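Listed here are the chains, written in short residue letters.
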Amino acid sequence: MSNDPSMAPRVPPGQIVTQKFPVMTAGTPRTASKEEWSLTLDGEVLNPVVLDWTTLNDLPFRDFKTDIHCVTKWSKLDTVWRGVDIDVLVDLVQPSPEARFVLAKADGDYTANLHLGDLTGGQAIVATQFDGKPLEPAHGGPVRLVAPRLYFWKSAKWLRGLHFSQSDYKGYWEKLGYHNYGDPWKVQRYR
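Below is a short write-up of the structure. (Residues numbered from 1 in each chain as written. Predicted model: local features only at pLDDT ≥ 70, side-chain atom pairs only at ≥ 80, totals over all residues. Heavy atoms only, no water.)

## So, the packing of aromatic side chains
Line of reasoning, step 1. For the structure shown, the criterion picks out 13 aromatic pairs.
Line of reasoning, step 2. Here Trp37 and Trp53 contribute two aromatic rings whose centre-to-centre distance is 6.0 Å and whose plane-to-plane angle is 90°, an arrangement assigned as edge-to-face. Separated by 16 residues along the polypeptide, Trp37 in the loop between β1 (16-17) and β2 (38-43) and Trp53 in helix α1 (residues 53-58) bring together distant segments of the chain. The burial state of Trp37 is the same as that of Trp53; both residues are buried.
Line of reasoning, step 3. Here the aromatic rings of Trp173 and Tyr178 are separated by 4.8 Å at their centres, their planes lie at 40°, and the arrangement is tilted.
Line of reasoning, step 4. Trp173 gets classed as partly exposed once you look at its relative accessible area, which sits at 23%.
Line of reasoning, step 5. Using a relative accessible area of 14% as the deciding quantity, one classes Tyr178 as buried.
Line of reasoning, step 6. One aromatic cluster is present, built from ring pairs that chain together Tyr110, Tyr151, Trp153, Tyr172, Trp173, Tyr178 and Tyr190. (Phe/Tyr/Trp six-rings, centres within 6.5 Å; stacked < 30°, edge-to-face > 60°. Helix = DSSP H or I, 4+ residues; strand = E, 2+ residues; numbered from the N terminus. Buried < 20%, exposed > 50% of the residue type's maximum accessible area, 1.4 Å probe, protein only.)

## A short note on the pairing of strand β6 (residues 101-106)
Line of reasoning, step 1. Burial runs high along β6: 5 of the 6 residues are buried.
Line of reasoning, step 2. Here β6 folds back onto strand β7 (residues 110-115), and the loop between the two strands holds 3 residues, one of which, Gly108, carries a positive phi near 80°.
Line of reasoning, step 3. Two strands pair when backbone bridges link them, and β6 and strand β11 (residues 159-165) are joined in this way by 6 bridges, in the antiparallel orientation. For Lys105, the partnering residue across the bridge sits in β11 and is Gly161. (Pairing = 2+ DSSP bridges.)

## With respect to the pairing of strand β5 (residues 74-85)
Line of reasoning, step 1. Counting buried positions over the 12 residues of β5 gives 9, a clear majority of the element.
Line of reasoning, step 2. Relative to β5, strand β4 (residues 62-69) runs antiparallel, the two being bridged by 7 bridges. Its bridge partner being in β5, Arg62 is matched across the sheet by Gly83.
Line of reasoning, step 3. Connecting β4 to the next strand, β5, in antiparallel fashion are 4 residues, including Lys73 with a positive phi near 90°.

## Examining the layout of surface pockets
Line of reasoning, step 1. Taken as a whole, the largest pocket encloses approximately 370 Å³ of empty space.
Line of reasoning, step 2. Together, 24 residues line the largest pocket, and Met24, Thr25, Ala26, Trp153 and Trp173 are the ones closest to its centre.
Line of reasoning, step 3. The residue inventory of the lining of the largest pocket, partitioned by class, reads 16 nonpolar, 5 polar and 3 charged.
Line of reasoning, step 4. Roughly 150 Å³ of internal volume is contained in the second largest pocket.
Line of reasoning, step 5. Lining the second largest pocket are Lys34, Trp53, Asn57, Phe61, Thr128, Gln129, Pro134, Leu135, Pro137, Gly141 and Pro142.
Line of reasoning, step 6. For the lining of the second largest pocket, the elements supplying multiple residues, two or more each, are α1 and β8 (125-130).
Line of reasoning, step 7. Looking at the lining of the second largest pocket residue by residue, the class counts come to 6 nonpolar, 4 polar and 1 charged. (1 Å grid on protein atoms, 1.4 Å probe; cavity = no way out; pocket = protein on both sides within 12 Å on 5 of 7 lines; lining within 4 Å. Points joined across faces, edges and corners; volume = space filled by probe spheres on them. Nonpolar A, V, L, I, M, F, W, Y, C, P; charged D, E, K, R; others polar.)

Okay, here's the thing in structure tokens:
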């Protein structure tokens, strides 16, 4: 780990840059294989849909290079992901204008609440690859959300659903006292 001052504009206050990719997990869920995996997109949407592995991979993919910041104070710069842009999924399901929030649902009964505006406009993807390889189970494979604008606990591993709503339902960590929004630049770790 380093604390290089030249990295300050890319590193939020109190964070330390690491070259490693630490594994941080709430619980030990049984994760789905690609054959068993599905992603449910529902809630206040015009076209609810369930995507299986093949259907997800038929959607347009893109590379996504970003910095990530963990609430435990590590930051990893220039991470490279590949997956489906959230904007593609939003266009597919067409949320109602009142649906301003998304509850990400994952294996192991994990949830993370996010504002839809923090996911759209090219800011987030549903990733199946990291660093040119299939996403390892330890890092959320086969599929995870990558929403780097917020602390990385919001980027749910083992993603199984995105529920669009006008209500901001608290996620797993938010119920346990973590900040409801989680902006690393404002050091919003805990409420």
